[in-house]
Amino acid sequence: MNLAGKASKLINFKIPPKLSPNASPLPLPDSTTIANLFLKADNPELLTQAIHAVPEWTPHLVQTILKRLWNHGPKALQFFKLLEDHPSYSHSAAAFDHAIDISARMREYKATWNLVCQMRSRKLGPTPKTFAIITERYISAGKADKAVKIFLSMHEHGCQQDLHSFNAILDSLCKSKRVEMAYRLFKVFQGRFRADVVSYNIIANGFCLKKQTPRALEVMREMVERGLEPTLTTFNTLLKGYFRAGQIKEGWEFFLQMKKRKVEIDVVSYTTVIHGLGVAGEVEKSRKVFDEMIGAGVLPSLATYNALIQVLCKKDCVENAILVFDDMLRKGYVPNATTYTIVIRGLCHAGKIDMAIMYMEKMRDDCEPVIQTYNMVIRYCCEEGQIEKALEIFEKMNGGSCLPTLDTYNILIGSMFVRKKSDDLVVAGKLLIEMVERGFLPRKFTFNRVLNGLMLTGNQGFAQEILSTCSCGGRLPRHFRL
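Draft legend 1. Here's a closer look at the overall build of the protein. Along the backbone of the protein there are 27 helices and zero strands. Computed over the C-alpha atoms, the radius of gyration of the protein is 26 Å, within 12% of the 23 Å expected from 2.2 N^0.38 for a compact globule of 482 residues. Projected onto the principal axes, the alpha-carbon positions of the protein cover approximately 70 × 60 × 55 Å. Nonlocal contacts in the protein, meaning residues at least 24 apart in sequence, comprise 62% of its contacts between residues at least 6 apart. For the protein, the computed accessible surface area is about 23,700 Å², with 52% contributed by carbon and sulfur atoms.

Draft legend 2. Highlighting unusual backbone geometry. Note the cis peptide between glycine 125 and proline 126, where omega equals 5°. With respect to the helices and strands, proline 126 occurs in the loop between helix H7 (109-121) and helix H8 (128-140). Even without glycine at this site, lysine 177 takes up a positive phi of about 65°. Tracing the chain through its elements places lysine 177 in the loop between helix H10 (163-175) and helix H11 (179-189). With relative accessibility at 45%, the residue lysine 177 sits in the partly exposed group.

Draft legend 3. Seen up close, helix H26 (residues 444-456). With 13 residues, H26 ought to run about 18 Å at 1.5 Å a step, and its terminal C-alpha atoms sit 18 Å apart, in line with that. Listed as buried for H26 are Thr446, Phe447, Val450, Leu451, Gly453 and Leu454. Down the axis, H26 shows its buried residues gathered within 160° of arc, on one side only. Turned more than 90 degrees off the buried face of H26, the exposed positions are Phe445 and Leu456. After H26 finishes, the residue glycine 458 shows a positive phi value of roughly 80°.

Draft legend 4. Expanded view of the pattern of salt bridges. Inspection of the entire model under this criterion finds 18 salt bridges. For aspartate 327, the salt bridge goes to lysine 331, with nearest N and O atoms at 3.3 Å. Aspartate 327 sits in the partly exposed class, given a relative accessible area of 24%. For glutamate 388, the salt bridge goes to arginine 419, with nearest N and O atoms at 3.1 Å. Here glutamate 388 is found in helix H23 (residues 387-398), whereas its partner arginine 419 is found in the loop between helix H24 (406-415) and helix H25 (422-437), with 31 residues between them in sequence. It is possible to trace a salt-bridge network through shared partners that takes in Glu361, Arg364, Glu368 and Lys396.

Draft legend 5. View of the nonpolar core. Grouped together as the largest cluster of nonpolar side chains are 157 residues, with contacts concentrated most on Trp57, Phe79 and Ile344. Per-element tally for this core: the top contributor is helix H22 (residues 371-383), with eight residues. Excluding anything up to four places from it in sequence, isoleucine 344 contacts Ala356, Tyr359, Met360, Met363, Thr373, Met376 and Val377.

Draft legend 6. Inspection of the packing of H24 against H25 at higher detail. Viewed as axis vectors pointing N to C, H24 and H25 meet at an angle of 165°, and their least axial separation amounts to 10 Å. Regarding the angle of H24 to H25, the classification is roughly antiparallel. Both H24 and H25 take part in a crossing whose hand is left-handed. From H24, Leu406, Tyr409, Asn410, Leu412 and Ile413 reach across to H25, where they touch Ala428, Leu431, Leu432, Glu434 and Met435.

Draft legend 7. How the structure looks around the side chain of aspartate 424. Summarising the element assignment, aspartate 424 is placed in helix H25. The residues touching aspartate 424, leaving out its near neighbours within four places in the chain, are Met416 and Arg419.

Draft legend 8. Local environment of the side chain of histidine 98. Inspection of the secondary structure puts histidine 98 in helix H6 (residues 93-105). When its relative accessible area of 14% is taken as the criterion, histidine 98 is described as buried. Non-local contacts of histidine 98, meaning those with residues more than four positions away in its chain, are made with Gln63, Leu66, Lys67 and Trp70.

Draft legend 9. Structural context of the environment of tyrosine 270. Within the secondary structure, tyrosine 270 sits in helix H16 (residues 267-279). Tyrosine 270 gets classed as buried once you look at its relative accessible area, which sits at 4%. Each C-alpha atom of the pair tyrosine 270 and proline 300 lies 8.6 Å from the other, and the pair is 30 residues apart in sequence. The residues touching tyrosine 270, leaving out its near neighbours within four places in the chain, are Phe255, Lys259, Ile265, Val289, Glu292, Met293, Ala296 and Val298.

Draft legend 10. Representation of the packing of aromatic side chains within the structure. One pass over the structure, following the stated rule, counts 22 aromatic pairs. Judged by centre distance (6.1 Å) and plane angle (15°), the rings of tyrosine 183 and phenylalanine 186 are stacked. With tyrosine 183 and phenylalanine 186 both in helix H11 and three residues apart, this pair spans about one turn of that helix. Comparing tyrosine 183 with phenylalanine 186 shows no difference in burial state: the two are buried. Ring plane angle 50° and centroid distance 6.0 Å describe the contact between phenylalanine 189 and phenylalanine 193, whose orientation is recorded as tilted. The class of phenylalanine 193 is buried, set by a relative accessible area of 8%. Ring pairs connect the aromatic residues Phe151, Phe166, Phe189 and Phe193, which therefore count as one cluster. Here arginine 449 stacks its cationic end above the ring of phenylalanine 417, 4.0 Å away from the centre of that ring.

The rules we used
- Residues numbered from 1 in each chain as written.
- Predicted model: local features only at pLDDT ≥ 70, side-chain atom pairs only at ≥ 80, totals over all residues.
- Heavy atoms only, no water.
- Helix = DSSP H or I, 4+ residues; strand = E, 2+ residues; numbered from the N terminus.
- Rg over C-alpha atoms; globule rule 2.2 N^0.38 Å.
- Contact = heavy atoms within 4.5 Å.
- Areas by Shrake-Rupley, 256 points an atom, 1.4 Å probe, with all protein chains shown as cover.
- Buried < 20%, exposed > 50% of the residue type's maximum accessible area, 1.4 Å probe, protein only.
- Expected span 1.5 Å × (residues − 1).
- Arc of directions from axis to C-beta.
- Salt bridge = Lys/Arg side-chain N within 4 Å of Asp/Glu carboxyl O.
- Core = buried A, V, L, I, M, F, W, Y, C linked by side-chain atoms within 4.5 Å.
- Axes fitted to C-alpha atoms, helices over the stretch in contact; angles between N-to-C directions.
- Parallel < 35°, antiparallel > 145°, perpendicular 65-115°, else oblique.
- Left-handed = near helix turned anticlockwise from the far one by under 90°.
- Phe/Tyr/Trp six-rings, centres within 6.5 Å; stacked < 30°, edge-to-face > 60°.
- Lys NZ or Arg CZ within 6 Å of the ring centre and 35° of its normal.

The structure is reproduced here in structure tokens:
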């Protein structure tokens with residue numbers, strides 16, 4: 001169905017004056033139809049009519065559409081705003097959290113705090129989850145100090161800090177490799193929030209992510225000295241830390257010590273060892289551990305199979321990985337997006353792009369391809385010089401449920417310089433405009449590279465048009481302005 005047909009289908013959806021008690025319920029437009037309408041239509045009046053044509057908006061439908069529009073921030077926020085005028089629908093706290101997350105990701109902080117004020121005026125929050133979202137976005141934007149100040153001022157917005165919110169900001173800081181800042185915050189406030197074993201596990205994991213296992217062990221000792229009992233998560237965190245740091249011998253010995261101390265080895269422990277040994281090149285030992293866990297009565301999880309398949313793709317051959325994949329299917333496991341992405345990456349790395357795309361199509365039988373899958377295949381296509389094929393996959397993304405991200409645009413724009421063709425640079429310019437319109441801020445290097453490339457290939461007019469359009473629309477940071 002074309003765009004006009006979809007719009008007509010929504011706009012003509014009317015509520016009859018009276019329904020018989022035995023009448024069948026009216027079918028609601030699906031989330032894909034509505035999301036695609038917002039992506040392709042620019043007429044606010046048409047979109048408003050479409051919004052009001054739906055008789056009953058449910059929180060689930062709204063959240064599904066927001067997720068589909070996730071990587072087109074301006075359209076997602078437009079949908080959220082237009083829906084506020086619907087006569088029989090009011091946004092839920094979850095919908096506000098989605099909108100806040102999108103605006104903060106786009107670094108539209110004024111809009112973010114306006115949404116927080118709206119939540120509070122409607123007595124929907126903000127909740128600890130809302131602040132976890134906001135602080136995580138500030139941290140990912142390189143504003144960790146500001147994130148900590150926001151956490152400390154939560155109570156000013158009617159939301160008291162507690163142990164859960166304390167652990168949430170520690171976790172965000174640690175996952176962004178700012179474990180030293182997290183540890184300082186932990187030391188200052190551990191008494192006030194009564195830090196628990198989860199708090200210590202988060203800090204230990206932060207040091208493990210930085211490959212500082214001795215520091216992680218110090219945190220574990222400190223936890224024990226405070227009278228807290230290490231959990232299986234504590235042991236698994238340290239076990240993974242050893243393998244991540246390339247301390248294979250120490251990791252293996254720690255695993256043996258866990259057995260000796262009668263720690264209940266679970267599927268996570270085995271999966272960590274299988275993956276750690278395998279990526280270190282000890283494929284046979286990895287497979288022996290896989291067999292051992294089955295013999296010990298620990299059933300492999302999907303994550304275990306994913307780990308083994310990844311090991312075989314990286315350190316053995318993709319053909320053997322596919323044999324394990326097929327064996328997994330025979331045993332009744334349903335592969336997820338991670339499983340397929342691992343296999344597809346292995347095929348791409350082996351130069352089997354067409355087979356990788358075939359598996360990508362097969363993937364739809366079990367799950368939708370995720371952004372990592374698309375970006376990976378597009379990147380390999382570009383590296384192999386198959387630019388047209390990469391652009392075809394990109395077009396499928398725009399028409400499906402997984403929209404391009406900043407990484408997608410950067411991959412494609414970068415590949416447009418390989419052949420040094422004037423037409424390719426025009427495509428790069430169009431991609432640049434599209435990414436900016438979707439709320440993504442290009443790096444200064446990318447922006448200048450595209451403009452310079454257009455100037456050098458005789459496309460000065462288009463270069464000036466890009467600069468003028470983006471600057472006048474207020475869509476670029478100050479250092480790009482005319």
